[in-house]
Amino acid sequence: DGPKDFSAAAKALNLEPYEYIGGAAPRTVVVDDPVATVFTTNESPPEMPIPFHHEVAQSPNPPSYVMFYCEEPARVGGETPMDGTIPNFTLKMSTT
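Residues numbered from 1 in each chain as written. Predicted model: local features only at pLDDT ≥ 70, side-chain atom pairs only at ≥ 80, totals over all residues. Heavy atoms only, no water.

Caption draft 1: Representation of the overall build of the protein chain in the model. Helix and strand counts for the protein chain come out as one helix and two strands. Helices and strands in the protein chain line up, N terminus first, as α-β-β. A total of 96 residues make up the protein chain; the buried ones form 12% of that total. In the protein chain, the share of contacts with a sequence separation of at least 24, taken over all contacts with a separation of at least 6, comes to 55%. Counting every atom, the protein chain has about 8,000 Å² of accessible surface; 56% of that belongs to carbon and sulfur. (Helix = DSSP H or I, 4+ residues; strand = E, 2+ residues; numbered from the N terminus. Buried < 20%, exposed > 50% of the residue type's maximum accessible area, 1.4 Å probe, protein only. Contact = heavy atoms within 4.5 Å. Areas by Shrake-Rupley, 256 points an atom, 1.4 Å probe, with all protein chains shown as cover.)

What follows is the structure, encoded as structure tokens:
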């Protein structure tokens, strides 16, 4: 199962857990795990733009890392621009 595998991979990194307190975007828990919870990214209608932002910037302790998992790539668009102020790397998981 993709999201469960993603959660297990995130947990295997042994990163500091982060307690998500919620934000402006509507999200649903896909994998409920106290160390590596997986949420939907944003359930707003596709025609609504998502302004450039820092994840959970309203928190006094925003996360040090954010991970993304894509179960079904968009046929058109679907890009997620990344702000250069947070170091990032890409780990590609494949089922093939």
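Past the structure itself, the notes keep going.
Caption draft 2: Spotlight on the packing of aromatic side chains. Counted under the stated rule, the structure contains one aromatic pair. Judged by centre distance (5.3 Å) and plane angle (35°), the ring pair of Phe-6 and Tyr-69 falls under tilted. Highlighted residues: Phe-6 in helix α1 (residues 2–12) and Tyr-69 in the segment after β2 (38–39), separated in sequence by 63 residues. Residue classification places Phe-6 among the buried positions, given a relative accessible area of 14%. The partly exposed category is assigned to Tyr-69, whose relative accessible area is 30%. (Phe/Tyr/Trp six-rings, centres within 6.5 Å; stacked < 30°, edge-to-face > 60°.)

Caption draft 3: Expanded view of the environment of Ala-12. Its location among the elements puts Ala-12 in helix α1. Assessed through its relative accessible area of 56%, Ala-12 is described here as exposed. Put simply, Ala-12 and Val-35 are 23 residues apart on the chain and 10.0 Å apart in space, counted from C-alpha to C-alpha.

Caption draft 4: Main features of α1. Among the residues making up α1, those that are buried are Pro-3, Phe-6, Ser-7 and Ala-10. Along the axis of α1, the buried residues cluster in a sector spanning 100°; they form a single face. When the buried face of α1 is taken as reference, the exposed residues oriented beyond 90 degrees from it are Lys-4 and Ala-12. Residues of α1 that are buried in the fold lie against β1 (29–31) and β2. (Arc of directions from axis to C-beta.)

Caption draft 5: Summary view of the side chain of Ser-7. Within the fold, Ser-7 resides in helix α1. Once you skip the residues sitting within four places of it in the chain, Ser-7 turns out to touch Val-31, Asp-33, Ala-36 and Val-38.

Caption draft 6: Structural detail: the environment of Pro-46. Position of Pro-46 relative to the elements: it lies in the segment after β2. Here the alpha-carbon distance between Pro-46 and Gly-78, two residues 32 residues apart in the chain, equals 9.3 Å.

Caption draft 7: Local environment of unusual backbone geometry. For Asn-14, which is not a glycine, the phi torsion comes out positive at approximately 55°. Take Asn-14: it is sitting in the loop between α1 and β1. The class for Asn-14 is exposed, based on a relative accessible area of 69%.

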